[in-house]
Amino acid sequence: MTQSTDITGPAREATQLVRKLFEPTPCARNDHLSQKFDADIWLKREDLTPVRSYKIRGAVNAMSRARALNPELDLFVCASAGNHAQGVAFACRHFGVRGVIFMPVTTPKQKIEKTKIFGGDNIEVRMVGDYFDDTLASAKTFCDEASGYFLAPFDDVDVIAGQASVAVEFMSQMAEAPDVVILPVGGGGLSAGVVQYLAQVAPSTEIYFVEPSGGPSLAAAVTAGKPVTLSSVDSFVDGAAVAQIGAIPFSVLKQVDQNHVLKAPEDRICATMIEMLNIEGIVLEPAGALAIDALQDLKDVIRGRRVLCVASGGNFDFERLPEVKERAQKYLELKKYFILRMPQRPGALRDFLDLLGDTDDVARFEYLKKSARNFGSVLIGIETDHPKNFDRLFYKMDQAGLVYKDITNDQALSEFVL
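Residues numbered from 1 in each chain as written. Predicted model: local features only at pLDDT ≥ 70, side-chain atom pairs only at ≥ 80, totals over all residues. Heavy atoms only, no water.

Novice: Go over the overall build of the chain, please, and point to the residues and values.
Specialist: Scanning the chain for helices and strands turns up 18 helices and 14 strands. Taking 22 Å as the expected radius of gyration for a compact globule of 418 residues, we find that the chain reaches 24 Å, a close match to that expectation. Overall size of the chain, expressed as C-alpha extent along the three principal axes, is 80 × 50 × 40 Å. In the chain, which comprises 418 residues, the share counted as buried stands at 55%. When contacts within the chain are restricted to residue pairs at least 6 apart in sequence, long-range pairs at least 24 apart make up 74% of them. One way to put it: in the chain the 45 positive side-chain charges average out to a point 3 Å from where the 55 negative ones average out. (Helix = DSSP H or I, 4+ residues; strand = E, 2+ residues; numbered from the N terminus. Rg over C-alpha atoms; globule rule 2.2 N^0.38 Å. Buried < 20%, exposed > 50% of the residue type's maximum accessible area, 1.4 Å probe, protein only. Contact = heavy atoms within 4.5 Å. Lys, Arg positive; Asp, Glu negative; His and termini not counted. Charge placed at Lys NZ, Arg CZ, Asp CG, Glu CD.)

Next comes the structure, spelled out in structure tokens:
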């Protein structure tokens with residue numbers, strides 16, 4: 001367990017504050033996951049707040065406390081990839097103050113539109129920067145020039161206390177304290193709040209942290225002993241794609257066991273999202289699926305134990321569903337792409353199709369015929385219902401003397417041709 005301060009009072013006060021806006025989010029046992037992992041697994045459904053993420057908690061708490069200190073405060077500024085923006089927008093409208101919200105240009109359209117809906121005439125949205133840290137710098141510069149109040153997404157004690165209300169709720173909703181809690185990590189505000197609260201009320205609970213493989217800011221900070229800026233960040237998990245963990249959250253998390261900080265591959269997160277959508281009807285954004293995705297890394301640790309996963313957000317733009325499905329299929333080895341040298345003769349295509357099994361489906365086919373050559377290059381995408389079907393298909397292709405190259409996991413080549 002990490003060092004912590006007693007956050008129980010502020011966390012409970014924040015819980016009472018947000019209670020004026022919405023009821024506690026559900027916290028219930030999930031039968032599917034419990035059976036799959038032979039454990040007692042509970043989900044804290046933060047995807048069901050009014051803004052479909054826990055971020056509303058910290059935004060409302062911090063804004064309320066700032067206005068209590070300065071009732072004349074009228075302008076709030078923030079930078080966010082979407083969820084914090086929606087929380088701030090909701091809070092601005094609730095308190096009747098002005099807000100200027102900076103968002104990366106890569107933010108999904110769904111999050112941008114919902115931010116505008118929640119804030120209405122009380123807010124202005126400005127799209128700046130390809131990455132969150134560029135957006136953050138622009139927001140802080142504007143805030144200084146306009147003499148506004150910067151409402152940080154995670155590096156703020158009042159925001160952290162607001163996020164800790166998640167733990168206040170699930171501890172009151174569960175008959176017994178969880179043996180294990182799994183938390184998603186981006187900037188670290190939620191983790192810092194929950195860690196501090198559990199240190200006081202359930203010190204024996206084990207806590208695991210999961211962040212996207214393309215943005216392991218906590219892992220890097222724990223290794224270095226201080227917050228460090230990652231050289232690159234994969235923005236796919238936009239709700240947790242942060243290049244540097246917050247200084248205040250890290251002061252709480254700096255002593256976590258490195259073995260308790262997990263990295264979730266982006267393609268695997270996609271598979272988890274599809275699973276939860278198809279089986280449970282739960283719509284999660286990539287960051288919202290992090291804690292659930294980590295269960296497979298902890299299956300030996302959690303077997304037979306009571307586990308609480310925070311499903312942190314459900315702001316998913318369904319225009320991204322084809323990409324998510326594609327990445328999930330590739331991770332599960334149910335879809336592959338390869339380049340094939342096909343003979344330039346009548347019937348060559350039919351011969352290839354005869355090699356396919358009953359559940360193999362051609363998802364993509366691009367054939368460039370070269371009249372001056374005996375062979376042409378073909379890009380083929382195949383979907384199937386079991387990974388072993390590809391072993392059979394490739395065996396048949398080898399027996400037929402076909403020359404091909406599997407490019408599914410060749411990132412440089414696949415990005416060029418797909």
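Don't stop here, the text continues.
Novice: Got a sec to walk through the sheet that holds strand S10 (residues 306–311)? Specific residues and values, please.
Specialist: By definition, the strands of a sheet pair up through backbone hydrogen bonds, in either a parallel or an antiparallel sense. If you trace the 6 strands from one edge of the open sheet to the other, you get S1-S2-S10-S7-S8-S9, paired in mixed fashion. Strand pairing shows two members of the sheet lacking a second neighbour, strand S1 (27–29) and strand S9 (261–264), which therefore form its edges. For this sheet, the mean angle separating the axes of adjacent strands, direction not counted, is 25°. Pairing of S1 with strand S2 (residues 40–45) involves 3 bridges; the strand directions are antiparallel. Residue pairing across strands places Ala28 opposite Leu43, the latter belonging to S2. Across the sheet, helix H8 (residues 165–173) touches S1, S2, strand S7 (180–184) and S10, and the angle it forms with S2 is around 135°. (Pairing = 2+ DSSP bridges. Axes fitted to C-alpha atoms, helices over the stretch in contact; angles between N-to-C directions.)

Novice: Explain the pairing of strand S3 (residues 75–79) to me, and be specific about the residues and the numbers.
Specialist: Counting buried positions along S3 gives 5 out of 5 residues, so the element sits mostly inside the fold. Here S3 shows two buried faces, one formed by Leu75, Val77 and Ala79 and the other by Phe76 and Cys78. After leaving S3, the chain enters helix H4 (residues 83–95) and then returns to the sheet as strand S4 (residues 98–103), a path that is right-handed. Of the pairings in the sheet, the one linking S3 to strand S6 (residues 149–150) comprises 2 bridges and is parallel in character. What sits directly across from Phe76, in S6, is Tyr149. (Right-handed = clockwise from strand over helix to strand, strands pointing away.)

Novice: Pulling in residues and values, what's your account of a nonpolar patch on the surface?
Specialist: Taken together, Leu349, Leu353, Phe365 and Tyr367 make up a surface patch of nonpolar side chains, about 320 Å² in accessible area. Among the secondary structure elements, those contributing two or more residues to the nonpolar patch are helix H16 (348–353) and strand S12 (361–368). You can see Leu349 is positioned in helix H16. Judged by relative accessible area, which is 38%, Leu349 ranks as partly exposed. (Patch = residues over 30% accessible without salt bridge, like charges linked within 9 Å, V, L, I, M, F, W, Y side chains within 5 Å. Areas by Shrake-Rupley, 256 points an atom, 1.4 Å probe, with all protein chains shown as cover. Salt bridge = Lys/Arg side-chain N within 4 Å of Asp/Glu carboxyl O.)

Novice: Got a sec to walk through the side chain of Thr135? Specific residues and values, please.
Specialist: Take Thr135: it is sitting in helix H6 (residues 132–146). When neighbours within four sequence positions are excluded, Thr135 is seen to be in contact with Ala79, Phe102, Met103, Pro104, Val128 and Gly129.

Novice: Can you tell me about the packing of helix H3 (residues 55–69) against H4, naming the residues and giving the values?
Specialist: Taken N-terminus to C-terminus, the directions of H3 and H4 make an angle of 45°; their axes are 8 Å apart at the nearest point. With respect to H4, the element H3 is oriented oblique. You can see that H3 and H4 cross each other, and the crossing is right-handed. Residues Lys55, Ile56, Ala59, Val60, Met63, Ser64 and Arg67 of H3 pack against Asn83, His84, Gly87, Val88, Phe90, Ala91, Cys92 and Phe95 of H4. Here the contact of H3 with H4 is composed, by residue class, of 9 nonpolar, 4 polar and 2 charged. (Parallel < 35°, antiparallel > 145°, perpendicular 65-115°, else oblique. Left-handed = near helix turned anticlockwise from the far one by under 90°. Nonpolar A, V, L, I, M, F, W, Y, C, P; charged D, E, K, R; others polar.)

Honestly, that's just the spatial picture; any functional story needs more than this.
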